[in-house]
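Listed below are the residues making up each chain.
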Amino acid sequence: MLVAQRLLDAVSRAMLAFSNVLLVVLFLLINAEIVLRATLGKSTLVSDEYSGYLLCWLTLSSLLYGMRTNAFLRVDIVVHRLRGRMRSMAEALAATGGLAVSLVACYSTGLLALTNWKFHGTSTHFTATPLYLPQSIMPAAFALLAAAYLVQLAVVLGKPPVDPHDGGA
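This text gives an overview of the structure that appears in the document. (Residues numbered from 1 in each chain as written. Predicted model: local features only at pLDDT ≥ 70, side-chain atom pairs only at ≥ 80, totals over all residues. Heavy atoms only, no water.)

1. Focus on the overall build of the protein chain
Item 1. A count of helices and strands for the protein chain gives six helices and zero strands.
Item 2. Written out in order from the N terminus, the α and β elements of the protein chain read α-α-α-α-α-α.
Item 3. For 169 residues, the compact-globule formula gives about 15 Å, and the C-alpha radius of gyration of the protein chain, at 21 Å, lies well above that figure.
Item 4. When the backbone C-alpha atoms are referred to their principal axes, the protein chain occupies close to 70 × 40 × 30 Å.
Item 5. Of all 169 residues assigned to the protein chain, the portion counted as buried reaches 31%. (Helix = DSSP H or I, 4+ residues; strand = E, 2+ residues; numbered from the N terminus. Rg over C-alpha atoms; globule rule 2.2 N^0.38 Å. Buried < 20%, exposed > 50% of the residue type's maximum accessible area, 1.4 Å probe, protein only.)

See the structure below:
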């Protein structure tokens, strides 16, 4: 299990680096649009479309890192009060819920990208971007998130419950 955790951590750091690159590209694209419009009265004509794709990619490529570093917002008021087996069960339930949602999102976004590839779906902008290209990160990101939840579930289920008499969590 330690190998899977280390692999997920390495992938999450790589995805975070990718997100950082996307953020710089997004910054440059938006600022190029602003400068062109302000100085020359011209437009890149692609900044609206591609900044949307970049924002989506940036968000999705950061999911794994956010999950692995406990950066997701969670309501832990009840879980922090639980001890032993009850706490493990609550953590397992949360990991199972995250796994289920990630798998459903992976499946549905995979079908969306596959459908657009199969039927040659394109954007309505003048670039006519094949939609499966910007959509391709969605199932990949949700699959990685599902893998992380699966590892988290295995860790929670494989860990012995804490003795409630020692005051540990």
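Here the narrative resumes, following the displayed structure.
2. Brief notes about the nonpolar core
Item 1. Counting 17 residues, the largest nonpolar core has Leu60, Phe142 and Leu145 as the members making the most contacts within it.
Item 2. Those elements giving two or more residues to this core turn out to be helix H3 (63-68), helix H4 (84-118) and helix H6 (137-158).
Item 3. Top contributing element to this core by residue count: H6, with nine residues.
Item 4. Residues in contact with Phe142, not counting those within four places in the same chain, are Leu60, Leu63, Ser102, Ala105, Cys106 and Thr109. (Core = buried A, V, L, I, M, F, W, Y, C linked by side-chain atoms within 4.5 Å. Contact = heavy atoms within 4.5 Å.)

3. Quick notes on the packing of aromatic side chains
Item 1. Using the criterion set out here, one finds two aromatic pairs in the structure.
Item 2. For the ring pair Phe18 and Trp57, a centre distance of 6.1 Å and an interplane angle of 55° mean the geometry is tilted. A residue pair is termed long-range when its members are at least 10 positions apart, and Phe18 in helix H1 (residues 2-40) and Trp57 in helix H2 (residues 47-61) qualify at 39 residues.
Item 3. You can call Trp57 partly exposed: its relative accessible area is 22%.
Item 4. Taking the centre distance of 5.4 Å and the plane angle of 85° together, the rings of Tyr50 and Tyr53 count as edge-to-face. With a gap of three residues between them, Tyr50 and Tyr53 both fall in helix H2, about one helical turn apart.
Item 5. On the basis of relative accessible area, Tyr50 is assigned to the partly exposed category, the value being 29%.
Item 6. Its relative accessible area of 18% is what places Tyr53 among the buried residues. (Phe/Tyr/Trp six-rings, centres within 6.5 Å; stacked < 30°, edge-to-face > 60°.)

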